[in-house]
Amino acid sequence: MNKFIIMEDFPKSEIEFDQKSSYESACYQYLFTMKWPQGFICVKCNYHYCWLSKRNIYICQRCQHNNGQLKKTSHLLV
Ligand SMILES: [Zn+2]
């Protein structure tokens, strides 16, 4: 009986997790488009390729310039 309850709860929490993670990636996609409407461009050397660090900081692949962090704002979380 306990096993049945766990199986019933599992898909629900998985769906909630998927919705949350896809919503967050949509937020970052939106913020990226706001910051770089033509795609990534380094403010220092105009290079078009970047690395994305674990903390969502965009680092130029040519000069390693820190091009900033995309931060979720409160109105996007509502
Ligand atoms: Zn650069």
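Per chain, the residues get numbers from 1 upward, laid out in the order the sequence is written. Local features in this predicted model are restricted to residues of pLDDT 70 or higher, and side-chain atom pairs are both shown and tallied only at a pLDDT of 80 or more, whereas totals for entire chains, interfaces and linings draw on every residue.

**Comments concerning the overall build of the chain**
Alright, step 1. When you go through the chain residue by residue, the secondary structure sums to two helices and three strands.
Alright, step 2. Helical segments are the DSSP runs of H or I of at least four residues, strand segments are the runs of E of at least two, and each set is numbered from the N terminus. For the chain, the sequential pattern of α-helices and β-strands runs α-β-β-β-α.
Alright, step 3. Exposed residues have 12 or fewer other C-beta atoms within 10 Å of their own C-beta, buried residues have 20 or more, and partly exposed residues fall in between, where C-beta atoms are placed from the backbone. Residues counted as buried form 4% of the 78 residues belonging to the chain.
Alright, step 4. By the convention adopted here, residues make contact when the C-beta atoms placed from their backbones lie within 7 Å. Sequence-distant contacts, at least 24 apart, represent 18% of the contacts inside the chain between residues at least 6 apart.

**A few points about unusual backbone geometry**
If a residue is not glycine, its phi is most likely negative; likewise, a peptide bond is most likely trans.
Alright, step 1. Even without being glycine, Asn46 reaches a positive phi, approximately 65 degrees.
Alright, step 2. With respect to the element layout, Asn46 can be found in the loop between helix H1 (2-35) and strand S1 (50-52).

**A closer look at the pairing of strand S3 (residues 66-69)**
A regular strand carries its side chains on alternate faces of the sheet.
Alright, step 1. The pairing criterion is simple: DSSP has to find at least two bridges between the two strands. In this sheet, S3 lies alongside strand S2 (residues 57-60) in antiparallel orientation, the contact comprising two bridges. Residue Ile57 lies in a different strand from S3, and its bridge partner there is Gln69.
Alright, step 2. Remark: five residues form the turn of the hairpin made by S2 and S3, two consecutive strands paired antiparallel; Gln64 in that turn has positive phi of roughly 60 degrees.

**Topic: the sheet that holds S1**
Alright, step 1. As summarised here, the arrangement of the three strands in space is S1-S2-S3, forming an open sheet in which the pairing is antiparallel. Of all the strands in the sheet, the pair left with one neighbour each is S1 and S3. Within this sheet the neighbouring strands show an average axis-to-axis angle of 20 degrees, counted without direction.
Alright, step 2. Both S1 and S2 contribute to a ladder of three bridges, which runs antiparallel. Bridge pairing in S2 places Trp51 opposite Ile59. With axes taken as lines fitted to C-alpha atoms, and helix axes fitted only over the stretch in contact, angles between N-to-C directions fall between 0 and 180 degrees.

**Side note on the confidence of the model for the chain**
Alright, step 1. Across the chain, the average pLDDT comes to 80, with 71% of residues at 70 or higher.
Alright, step 2. Here helix H2 (residues 74-77) is the element of the chain with the lowest mean pLDDT, 50, and S2 is the one with the highest, 94. Per residue, pLDDT measures the predictor's confidence, with a range of 0 to 100.

**Structural notes on the environment of His65**
Alright, step 1. On the secondary structure map, His65 appears in the loop between S2 and S3.
Alright, step 2. Owing to 16 C-beta atoms within 10 Å, His65 belongs among the partly exposed residues under this scheme.
Alright, step 3. Taking the C-alpha atoms as reference, His65 lies 7.4 Å from Cys42; in sequence the two are 23 residues apart.
Alright, step 4. Setting aside anything within four residues of it in sequence, one finds His65 in contact with Cys42, Val43, Lys44 and Cys60.

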